[in-house]
Amino acid sequence: MNEYDAYAATYDVKYDEFTEDVPFYVEEAGRAEPPVLELACGTGRVLIPVAQAGVRVVGLDASPAMVQACRHKVVELPEEVQACITLVEADMRDFAFDERFGLVYCPFRAFLHLMTTEDQIAALRNIHAHLRDGGRFVLNFFNPDPSYIAEAASRGRGLAKITKEFIHPESGNQVIEWSTLGHDPVEQRIEIYFIHDEVDAGGQLLHRTYKPMRLRWIYRYEFEHLLARCGFEVEALYGGFDRRPFTDVHQELVWVACRV
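Figured I'd write up the structure that's included with this text. These numbers come from a predicted model, not from an experiment. (Residues numbered from 1 in each chain as written. Predicted model: local features only at pLDDT ≥ 70, side-chain atom pairs only at ≥ 80, totals over all residues. Heavy atoms only, no water.)

## A look at the sheet that holds strand β3 (residues 85-89)
Phase 1: Spatially, 7 strands are ordered β3-β2-β1-β4-β5-β11-β10 in an open sheet, and the strand pairing comes out mixed. Of all the strands in the sheet, just β3 and β10 (232-238) have a single pairing partner and so form its edges. Mean inter-strand twist for the sheet, computed between neighbouring axes without regard to direction, equals 20°.
Phase 2: By the bridge criterion, 5 bridges tie strand β4 (residues 101-106) to strand β5 (residues 131-142) in an arrangement that is parallel. When the sheet's bridge partners are listed, Val-104 is paired in β5 with Phe-137.
Phase 3: Where helix α4 (residues 64-74) meets the sheet, its contacts fall on β2 (57-61) and β3, and the angle it forms with β3 comes to roughly 160°.
Phase 4: Helix α8 (residues 220-229) contacts β5, β10 and β11 (252-259) of the sheet and is inclined by roughly 15° relative to β11. (Pairing = 2+ DSSP bridges. Helix = DSSP H or I, 4+ residues; strand = E, 2+ residues; numbered from the N terminus. Axes fitted to C-alpha atoms, helices over the stretch in contact; angles between N-to-C directions. Contact = heavy atoms within 4.5 Å.)

Structural data, given as structure tokens:
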């Protein structure tokens, strides 16, 4: 069982409001020679709009539950959109396809789930091997703020705090989400525990679920070095999905790298 299987049932209701990156990735997919490959496709938040734009796309995710949730959504789409989509359960570090792609993209900071340099290099080399000559790798992740990280690390994990409330799509119960957050500046790691409490109309606790999440942040020049080491050249670095040039005031790093 993949540790992110626990997120599949509530993923869409939790992240349905986040659409800022979708037009950017759809545009990048439309510019590429098909097919394109999406890594960590989840339940299809970006993949389905790419297919709806008429692009043939392969969606890959290591979580069986995420892939299954995506399949349930795909079968409800028009046949011409379904025909554009292939779903595969696999790991971005060691997937293997016979065909090569004009674009590989990894949205929503999913590359940060690779927890070691060895994992990052394995994924980048595998991506490089699956791109056509001149093919591009596109992804985004947050710009680490050293002052915030130092402050957060000094505070420790601390008490759980409420972050969001929503209705569970399967049970219909209200879900109260709590989380704890820990930073390790030495290992460049973030450990998050989401706690989902399902409650009845009177506020009585019915069920509690614990959902861990781990991230390893990456600094700008660290990633440039990793890309160069794995056969990529940076074509563009943006500070947002509107393609604004990156500066130190921007919170997001949006990368476009070319296979060389």
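## Side note on the packing of helix α6 (residues 117-129) against α8
Phase 1: Following both chains from N to C, one finds α6 and α8 inclined at 50°, their axes separated by 9 Å at the closest point. When the axes of α6 and α8 are compared, the pair comes out oblique. As α6 packs across α8, the resulting crossing turns out to be right-handed. Between α6 and α8, the contacting residues are Thr-117, Gln-120, Ile-121, Leu-124 and Arg-125 on the first element and Phe-223, Leu-226, Leu-227 and Arg-229 on the second.
Phase 2: Across the contact of α6 with α8, the residue classes break down as 5 nonpolar, 2 polar and 2 charged. (Parallel < 35°, antiparallel > 145°, perpendicular 65-115°, else oblique. Left-handed = near helix turned anticlockwise from the far one by under 90°. Nonpolar A, V, L, I, M, F, W, Y, C, P; charged D, E, K, R; others polar.)

## As for the packing of aromatic side chains
Phase 1: Taken as a whole and assessed by the stated rule, the structure comprises 18 aromatic pairs.
Phase 2: With 4.8 Å between their ring centres and 50° between their planes, Tyr-11 and Tyr-15 make a pair best called tilted. One end of the pair, Tyr-11, and the other, Tyr-15, are both in helix α1 (residues 8-15), 4 residues apart, so they sit about a helical turn from each other. Per residue, the accessibility class of Tyr-11 equals that of Tyr-15, and both read buried. (Phe/Tyr/Trp six-rings, centres within 6.5 Å; stacked < 30°, edge-to-face > 60°. Buried < 20%, exposed > 50% of the residue type's maximum accessible area, 1.4 Å probe, protein only.)

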